[in-house]
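Results of the structural survey
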Amino acid sequence: MAATTFPSDDIDNLRSPLLPPKKKPPTEKLCIDDMLRKHCGEFGRWQLKHFILTSLAWALEAFHTMVMIFADREPDWRCVSGSVCDDSGGGGVCGLSPESWEWVGGRGGSTLSDWSLICGNKFKVGLVQAVFFAGCMIGAGIFGHLSDSSLGRKGSLTVVCAMNTIFGFLTALSPNYWIYVLLRLLTGLSSGGVGLTAFVLATEPIGPTKRGAAGMSSFYFFSGGIALLSGVAYIFQTWRYLYIASSIPSFLYIILVLPFISESPRWYLVRGNVTEAMKLMSTIASSNGKHLPDGVLLALDDETSSTINQGSGYDITTMMTYKNENKDALVGSIIDVVRSPITRMRLFIAVALNFLGSVVYYGLSLNVMNLETNLYLNVMLNSVAEMPAFTITAVLLDRFGRKPLTVATMWFSGFFCLMGSLVGNVGVWKMVRMVCGVLGIFGMAGTYNLLFIYTAELFPTVVRNAALGCTTQASQMGAILAPFVVVLGGWLPFAVFAACGIVGGMFAFNLPETLNQPLYDTFGGMEAGLA
């Protein structure tokens, strides 16, 4: 008689009801940082590709921000042959008759020559710059909120790149000065959201021990974009063609790069879409040559203190599917940041640091770029000169921590600005003052970019971009103020920059250290972690 066989499931069904149920593996809830550390990899092949593709957007921001250096420049002029053209008084073209001189290369070289923004109208060139940064300030707040809420990080990045493309092309068609000002305002509105959305999207899927160095590396793309723009501007020396050439990369980024960028798993999680967050974490693990084991689920940081099964060996609850794990979306705003006693003071200090750092960074940049050298070469060299500051800061970031490095770099910059204010501007002291300015911007370049990383780590995911948007607005206010400080002349600009650096370092003493700390998702998780 043949032996009867039973499927394994039938054998389980024949189990005596008196026996305890079969043990099932416990289901563990992990926050994203823990899952990256344990199962997915903190910075593997997936994160490297995602980081590079996302950070390319920084180069686009550099194009749309710095293009006005070349588009609004004052071209060279020359006397018309056969005319009386005497500039011995040093007043430039303002003291000459219009028929006695002409622009080298024609009127279309820049907006200044095209619309005669000289003499009594020269203030209009500065007005365009102020209006652009005002647009950046507004856009940072708008897209900081939208990227935390309905649009998400990738959605916001797509929208701002599309807006930059459209407004950049339209700027080239400006029929007059005031339409040009309006289009630069709209370009600033979109440009203000590029850097902060790209930064957060690039760094959120990276593990805590690698996030600082990776975040600092993103600023190489901005400096590289400025250097590349110098070459583009050298080729297209007519301002209308330059605006077209500087807008094409944004269009190419939308169609060639953005389709290969993923949304942030943290945004999925706080929006209640655990299914998509788990799928993405599984993709990260497999791309990095790792495996996400069964029984592991994503949860917000204030929900990870317990597991579903607690490892008792008995199937107390049925393992939930990804779909059932989906929850209501968590939405935060800058009002929530102000209401929380933990983040309120952090926001105030971060706003102050970004404002003060921006005044020094942009102010010193304007001073250095006023050297009587080739404009295209000078801009490129200044962008390259910032890169060692990024490298040194990235190396020291995870060794000494965010707080000590912020204090040190701000005081470093403040010290050399103070030295620059104490020396004269005659003879050999001119060179000493220039060196002080270079060292001042070297220190503040590291601070200015370190603040992006520090600020992102100070606030939970539900309001991270809103907080970054607020601090970016403060930076743009500093950028608007910087040119007015520069025109003070003499020793005063260096004295103001020194005061900003020294006071900023004192403010930084009141911030907590975030080195190797979790990137919290919710206010509850942050409060529990700091308890």
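Residues numbered from 1 in each chain as written. Predicted model: local features only at pLDDT ≥ 70, side-chain atom pairs only at ≥ 80, totals over all residues. Heavy atoms only, no water.

Filter applied, for reference: UniProt positions are given in the numbering used here, feature names are shortened, and annotations may be inferred rather than shown by experiment.
As annotated in an unreviewed UniProt entry, the protein carries the name Organic cation/carnitine transporter 4 isoform A and is attributed to Glycine soja. Word for word, the UniProt comment on the protein under Subcellular location (unreviewed entry) is "Membrane".

**A short note on the overall build of the protein**
This is how the line gets drawn: Each helix is a run of H or I in the DSSP string that is no shorter than four residues. Each strand is a run of E no shorter than two, and both are numbered from the N terminus. For the exposure calls, accessible area comes from a 1.4 Å probe over protein chains only, and a residue counts as buried if that area is under 20% of its type's maximum, exposed if over 50%, partly exposed in between. Contacts are assigned to residue pairs that have any heavy atoms within 4.5 Å of one another. Accessibility throughout is a Shrake-Rupley quantity obtained with a 1.4 Å probe, and a residue counts as covered only by protein chains that appear here.
Scanning the protein from terminus to terminus reveals 21 helices and four strands. Within the protein, the fraction of its 531 residues that count as buried is 52%. Pairs at least 24 residues apart make up 83% of the contacts formed inside the protein by residues separated by at least 6 positions. Counting only carbon and sulfur atoms, one obtains 66% of the accessible surface of the protein, whose full area is about 23200 Å².

**Some thoughts on helix α10 (residues 239–256)**
Stated precisely, the cut-off is as follows: To estimate how far a helix should extend, the number of its residues minus one is multiplied by 1.5 Å.
Between its first and last C-alpha atoms α10 spans 26 Å; for 18 residues at 1.5 Å apiece the expected length is 26 Å, and the two agree. Buried within α10 are the following residues: W239, L242, Y243, A245, S246, S247, S250 and Y253. Here the buried face of α10 lies against α3 (45–71), α4 (111–114), α6 (152–171), α7 (177–203) and α9 (219–235).

**What about the side chain of N288?**
The condition is simple: Throughout this description, a polar contact denotes any pair of N or O atoms lying within 3.5 Å of each other; where both atoms belong to protein, one of them has to be capable of donating a hydrogen while the other can accept it, and for residues adjacent in sequence the pair is counted only when both atoms sit in side chains.
Its location among the elements puts N288 in the loop between α12 (274–287) and β4 (296–298). Here C40 takes part through its backbone oxygen, which lies 2.9 Å from a polar atom of the side chain of N288. Apart from the residues within four sequence positions on either side, N288 is in contact with C40, G41, G44, R45, W46 and Q47.

**Focus on the pattern of salt bridges**
The condition is simple: By definition, a salt bridge exists where a carboxyl oxygen of Asp or Glu is found within 4 Å of a side-chain nitrogen of Lys or Arg.
One pass over the structure, following the stated rule, counts seven salt bridges. Put simply, D34 and R37 hold a salt bridge, and the shortest N to O gap is 2.5 Å. Note that D34 and R37 are positioned in helix α2 (residues 32–40) at a spacing of three residues, about one turn of the helix. Look at D34 and you get partly exposed, because its relative accessible area is 21%. The class for R37 is partly exposed, based on a relative accessible area of 41%. Of the charged contacts, one joins D114 and R240 as a salt bridge, the two residues approaching to 3.6 Å between their closest N and O atoms. Residue D114 is found in helix α4, and its partner R240 is found in helix α10; the two are separated by 126 residues along the sequence. Given the relative accessible area of 26%, R240 is considered partly exposed. Through salt bridges that share partners, D33, R211 and R266 make up one connected network.

**What about α12?**
With 14 residues, α12 should reach 20 Å at 1.5 Å per residue; the first-to-last C-alpha distance of 20 Å fits that figure. If you check which residues of α12 are buried, you get V274, T275, A277, M278, L280, M281, I284 and A285. Just downstream of α12, G289 is the residue with a positive phi angle, here 75°.

**Concerning the packing of helix α5 (residues 123–148) against α6**
As a reminder of what qualifies: As a rule, the C-alpha atoms of each element are fitted with a line to give its axis, helices using only the stretch in contact, and angles between N-to-C directions run from 0 to 180 degrees. Residue type decides the class: Asp, Glu, Lys and Arg count as charged, Ala, Val, Leu, Ile, Met, Phe, Trp, Tyr, Cys and Pro as nonpolar, and the leftover types, Gly among them, as polar.
Across the interface, α5 lies against α6 with an axial gap of 7 Å and an inter-helix angle of 145°. Across the interface between the two elements, F143, L146, S147 and D148 of α5 pack against G152, R153, S156, V159, V160 and M163 of α6. Taken together, the residues of the contact of α5 with α6 break down into five nonpolar, three polar and two charged.

**So, the packing of aromatic side chains**
For any two aromatic rings, the description comes down to two numbers: the centre-to-centre distance and the angle of the planes. This is how the line gets drawn: Centre distance within 6.5 Å is the pairing criterion for rings of Phe, Tyr and Trp, where only the six-membered ring of Trp is used; planes under 30 degrees apart are then read as stacked, over 60 as edge-to-face, and the remainder as tilted. Remark: a charge is flagged as sitting over a ring if the NZ atom of Lys or the CZ atom of Arg is within 6 Å of the ring centre and within 35 degrees of the ring normal.
By the definition in use, this model includes 23 aromatic pairs. Ring centres 6.5 Å apart and planes at 80° place the aromatic pair W115 and Y177 in the edge-to-face group. Of this pair, W115 sits in the loop between α4 and α5 while Y177 is found in helix α7, placing the two residues 62 residues apart along the sequence. With respect to class, W115 is no different from Y177; both count as buried. Three or more aromatic residues joined by ring pairs make a cluster, and in this case those are W58, F199, F219, Y220, F222 and F390. The ring of Y177 is capped by K124, whose NZ or CZ atom sits 5.4 Å from the centre of that ring.

**Structural notes on the nonpolar core**
Defined as follows: We define the nonpolar core as a collection of buried residues of types Ala, Val, Leu, Ile, Met, Phe, Trp, Tyr and Cys that are connected through side-chain atoms lying within 4.5 Å of one another.
Residues M35, L157, F199, Y253, M281 and L298 are the most contacted members of the largest nonpolar core, which totals 128 residues. Ranked by the residues each element gives to this core, the list is headed by α3, at twelve residues. Those residues in contact with L157, other than ones at most four positions away along the chain, are T54, A57, V194, T197, A198, L201, Y253 and L258.

**Considering unusual backbone geometry**
Phi is positive for S116, close to 55°, though the residue is something other than glycine. Checked against the element boundaries, S116 lands in the loop between α4 and α5.

**Section: a nonpolar patch on the surface**
The condition that has to hold: Like-charged residues are merged into a patch within 9 Å and nonpolar side chains (Val, Leu, Ile, Met, Phe, Trp, Tyr) within 5 Å, provided each residue has over 30% relative accessible area and no salt bridge.
Taken together, Y234, I235, F236, Y241, I244, I248, F251, L252, I255 and L256 make up a surface patch of nonpolar side chains, about 980 Å² in accessible area. Counting residues per element, the ones that place at least two in the nonpolar patch are α9 and α10. Checked against the element boundaries, Y241 lands in helix α10.

**Details of the confidence of the model for the protein**
The cut-off we apply is this: By definition, pLDDT measures how confident the predictor is in each residue, and it falls between 0 and 100.
On average, residues of the protein carry a pLDDT of 79, and 83% of them reach 70 or more. Every residue in residues 1–6 is under pLDDT 50, and counting partners more than four places away or in other chains gives one contact. Under a pLDDT of 50 for its full length, residues 305–324 has, in the predicted model, 28 contacts with residues more than four places off or in other chains.

**Observations regarding the packing of helix α17 (residues 402–422) against helix α20 (residues 492–508)**
We apply this condition: Orientation labels follow simple angle bins: below 35 degrees gives roughly parallel, above 145 gives roughly antiparallel, 65 to 115 gives roughly perpendicular, and whatever is left gives oblique. Crossing handedness is defined as follows: a turn of the near helix away from the far one that is anticlockwise and smaller than a right angle gives a left-handed crossing, while the clockwise case is right-handed.
Across the interface, α17 lies against α20 with an axial gap of 7 Å and an inter-helix angle of 160°. Our classification of the angle between α17 and α20 gives roughly antiparallel. For the pair α17 and α20, the crossing hand works out as left-handed. Seen from α17, the contacting residues are K403, T406, V407, M410, W411, G414, C417, L418, G420 and S421; seen from α20, they are F494, A495, F497, A498, C500, G501, I502, G504, G505, M506 and A508. Among the residues making up the contact of α17 with α20, the classes are represented as 13 nonpolar, seven polar and one charged.

**As for the side chain of T455**
Of note, T455 is situated in helix α18 (residues 429–458). Among the polar contacts listed, one links the side chain of T455 to the backbone oxygen of L451, at a separation of 2.6 Å. In contact with T455, not counting residues within four places along its chain, are A350, N354, L468 and T471.

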